[in-house]
Amino acid sequence: MHHHEDMRDDEQASEESFLSQFGRSAAQTEFFSPVPEGYVPGRTKFVAVFGTVMSGLGKGIFSASLAKLMKDKGLQVAPIKLEGYLNIDSGTLNPYRHGEVFVLDDGTECDMDLGTYERLLDQNLTRRNFCTSGQIYSEILERERQGGYLGRDVQMIPHVTGEVKRRLRALAMDGGANGSQADLVFIEVGGTVGDFENGFYIEALRELAFEEGPGSFCNVALTYILEPKTLGEQKSKAAQLGVKRLMEFGIQPHILALRASNPVVGSAREKIAMFSNVPEERVFSMHDRESIYTIPEAMRAEGLDRQVLSILDLHGGVDQVAEDKARKDWSNYASGITAERDTALNIGILGKYTALRDAYASIDKAIEHAGTHLSASVQTQWIDVSDVTVETIDEALQGLDLHGVIVPGGFGERGIEGKIAAVKHVREQGIPFLGICLGFQMAVIEFARHAAGMEGAHSTEFVSDSPNVVISELPDQKAIEGLGGTMRLGGQDVSVTPGTLASFLLGGVDHVRERFRHRYEVEPERIADLEKAGLVFSGRHPEQPIMQILELPRDVHPYFIGAQFHPELTSRPLAPQPMFMGLVAAGILRADPDRVDDPRLQSWLMPAQDASDAGHRVSSPSANPEG
Ligand code: GLN
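Treat the numbers as computed from the prediction; the structure is a model and nothing was measured.

Turning next to the site of the ligand. Close to the ligand lie Gly409, Gly410, Phe411, Cys437, Leu438, Gln441, Glu461, Arg517, His518, Arg519, Tyr520 and His566. Here an oxygen atom of the ligand and a backbone polar atom of Leu438 are 3.0 Å apart. Here a nitrogen atom of the ligand sits 2.8 Å away from a polar atom, N or O, in the side chain of Glu461. Contact with the protein chains hides 99% of the accessible area of the ligand, taken as 300 Å² for the molecule alone.

So, about the packing of helix 3 (residues 59-72) against helix 12 (residues 304-312). The geometry of helix 3 relative to helix 12 is characterised by a closest axis approach of 10 Å and an angle of 75° between their N-to-C directions. If you check the angle between helix 3 and helix 12, you find them roughly perpendicular. Listed contacts from helix 12 to Phe62, Leu66, Leu69 and Met70 of helix 3 are Leu304, Asp305, Val308 and Leu309. Tallied by class, residues from the contact of helix 3 with helix 12 come to 7 nonpolar, no polar and 1 charged.

Of the consecutive residues Ile157 and Pro158, the connecting peptide bond is found in the cis state with omega at 10°. Checked against the element boundaries, Pro158 lands in helix 7 (residues 156-174). Phi angles above zero are rare outside glycine, and Leu150 is one such case at about 55°. Its place among the elements puts Leu150 in the loop between helix 6 (133-145) and helix 7.

Per-residue confidence for the protein gives a mean pLDDT of 90; residues scoring 70 or more make up 90%. Of the regions scoring below 50 in pLDDT, residues 1-8 engages in 0 contacts with residues more than four places distant in sequence or in other chains. Here residues 611-627 scores under 50 on pLDDT; set against residues more than four positions off or in separate chains, the count is 41 contacts.

Judged by pairing direction, the sheet is mixed, and its 3 strands sit side by side in the order 14-15-18 without closing on themselves. In this open sheet, the two edge strands, each paired with only one partner strand, are strand 14 (458-459) and strand 18 (520-522). Direction of pairing for strand 15 (residues 469-473) relative to strand 18: antiparallel, over a ladder of 3 bridges. Bridged to Ile471 within strand 18 is Val522. The sheet strands contacting helix 17 (residues 438-450) are strand 14, strand 15 and strand 18, and the helix crosses strand 15 at an angle near 150°.

Looking now at the sheet that holds strand 10 (residues 343-350). Strand order across the open sheet formed by 9 strands is 11-10-12-13-21-20-19-16-17, with mixed pairing between neighbours. Only two strands of the sheet have a single neighbouring strand rather than two, namely strand 11 (376-383) and strand 17 (511-518). Sheet twist, expressed as the mean angle between neighbouring strand axes with direction ignored, is 25°. Of the strand pairs in this sheet, strand 19 (residues 536-540) and strand 20 (residues 547-551) are connected by 4 bridges, and their pairing is antiparallel. Counterpart to Arg540 in the pairing with strand 20 is Met547. Running over the sheet, helix 17 touches strand 12 (404-407), strand 13 (433-436), strand 17, strand 19, strand 20 and strand 21 (560-563) and is turned about 115° from strand 13.

The final tally for this structure, using the stated rule, is 43 salt bridges. The residue Lys424 makes a salt bridge to Glu428 at a minimum N-O spacing of 3.2 Å. Of this pair, Lys424 and Glu428 both sit in helix 16 (residues 416-429), 4 residues apart, which is roughly one turn of the helix. Classification of Lys424 by relative accessible area gives buried; the value is 18%. Here Arg540 and Glu531 are joined by a salt bridge, their closest N and O atoms 2.5 Å apart. Exposure remark for Glu531: the relative accessible area of 32% places this residue in the partly exposed category.

Okay, the environment of Glu523 next. Within the secondary structure layout, Glu523 lies in the loop between strand 18 and helix 20 (527-532). What Glu523 contacts, discounting residues up to four positions off in sequence, is Val469, Val470, Ile471 and Ser472.

Quick notes on the rules
- Residues numbered from 1 in each chain as written.
- Predicted model: local features only at pLDDT ≥ 70, side-chain atom pairs only at ≥ 80, totals over all residues.
- Heavy atoms only, no water.
- Near = heavy atom within 4 Å.
- Polar contact = N/O pair within 3.5 Å; in protein donor to acceptor, adjacent residues only side chain to side chain.
- Areas by Shrake-Rupley, 256 points an atom, 1.4 Å probe, with all protein chains shown as cover.
- Axes fitted to C-alpha atoms, helices over the stretch in contact; angles between N-to-C directions.
- Helix = DSSP H or I, 4+ residues; strand = E, 2+ residues; numbered from the N terminus.
- Parallel < 35°, antiparallel > 145°, perpendicular 65-115°, else oblique.
- Contact = heavy atoms within 4.5 Å.
- Nonpolar A, V, L, I, M, F, W, Y, C, P; charged D, E, K, R; others polar.
- pLDDT = per-residue confidence, 0-100.
- Pairing = 2+ DSSP bridges.
- Salt bridge = Lys/Arg side-chain N within 4 Å of Asp/Glu carboxyl O.
- Buried < 20%, exposed > 50% of the residue type's maximum accessible area, 1.4 Å probe, protein only.

See below:
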């Protein structure tokens, strides 16, 4: 008897916790549609973006550009990417296969598409903007083990789809900038309609649209119009079949976005409109453009934004003044992209698999931002130095006519000695240099070996028996070693030393927030020795002896700077990252000394003698990336 009573108590407790978590309605109905407390149905509208025919259509860019147009109108937007894969995050993914691992301020390691959203929206995102199947399943399995399903069987529908809906509604409640309620949630469904692994997302969106009611959803099908060379005309059949596949899931697109190499015209457009039940004025040609930054304006010109406002009945929420201002700022930048540039530059990036741009996508973007603002067309050259040594480096780089060099982040041993040799070359030749994360560590090792007399200086990441350990594991990392290990991740404050190049570039601020992803650091015991030999640590952790920016004095080298963080992750089109601005400005001067008096360069070229000028700019763009 006693035993029986206990069981009842347990059951009651678990039922109560369930109810408090998911609301009474969830327990009472056969359908598991958990609605977060305080959620008001219909208050937030949703735009869902699906891809058909093939992957790689640029769903992220499409969705981010449309979200930007809506944000410019004064609406609060919250984007989310629904990933089909089972990984919990992108932390263990190989960037040479899957593209760069983007790191958010809260330390989330995610898909590079989140970088596109942050750059276009100029809005910091969090882990809630990135959802993988792995996250959904692991949460559900954990809840099942805790008895959270009250003795029911746990199923794809309603439980898995229910969890997707719960997350989307939670994001609606406070996913806008600075935690405000979102007017619009932009949902990018990863992969292609018909993929096995994203089917439950599509079903969840169908359910959500039904529950939220008419006018709450705008479904966009991104599809591809083929134009075979042998036929010389555009064919829409594959696109029709792709959209039909979406309709089989019970989702009627409101808008069709036709990706293609050339503008989609005539019968291809008419046919797909007619076979998809989408009126022609809601069928948009999204052909290839010179730069993704011209896409928002192109969408606007075609009226895509107004169609979305009509579908969701949002015309009343538009702030015309805000929109005019945002458009003006953006078009200034966008016109700079296509404009003739004053200087042509070569910037070398040392990478392992140099052909794969996606592995360094944010670096590419940060250079583009700086080049546009400073009127330089930057040619990036990806240089593989894995087989180069200190003896052969001069020969390897001499002919390349480099105006700047970036040694980017990385893991693993291949190419380390080549990178160290390359840093020696640029340090001795006065070539502008930016070292990022591993590149920062390579600069420390190079300086230690060749300028501070520390023979065989090395990092414990690569050798265990160096007589001069200058890079070693962070104490926190040592503590968790063997436990699967993680990294020092996400946004951290960096204290900036006044009077330094870093301080000059940052406009005199005393600290800046930047994003980290590393396990190793400058060995605290050797900091003083390195400083004595002339290396300047101009950015530090506010309390701990973690070195975060290094540089050489301006009278020793025109531009030599390194960051333990990843400056590329916080560069935004209208707020370019200062260390990249400095690199490109110094590169311009190397390529074209006549531009020394160009006013656009002044904020980024530290005068050789007089460092007291630092701080003349009141605010630094990246000091406040939230914008
Ligand atoms: N491998 C180095 C570390 O873990 C650098 C990491 C990086 O470049 N992201 O510290």
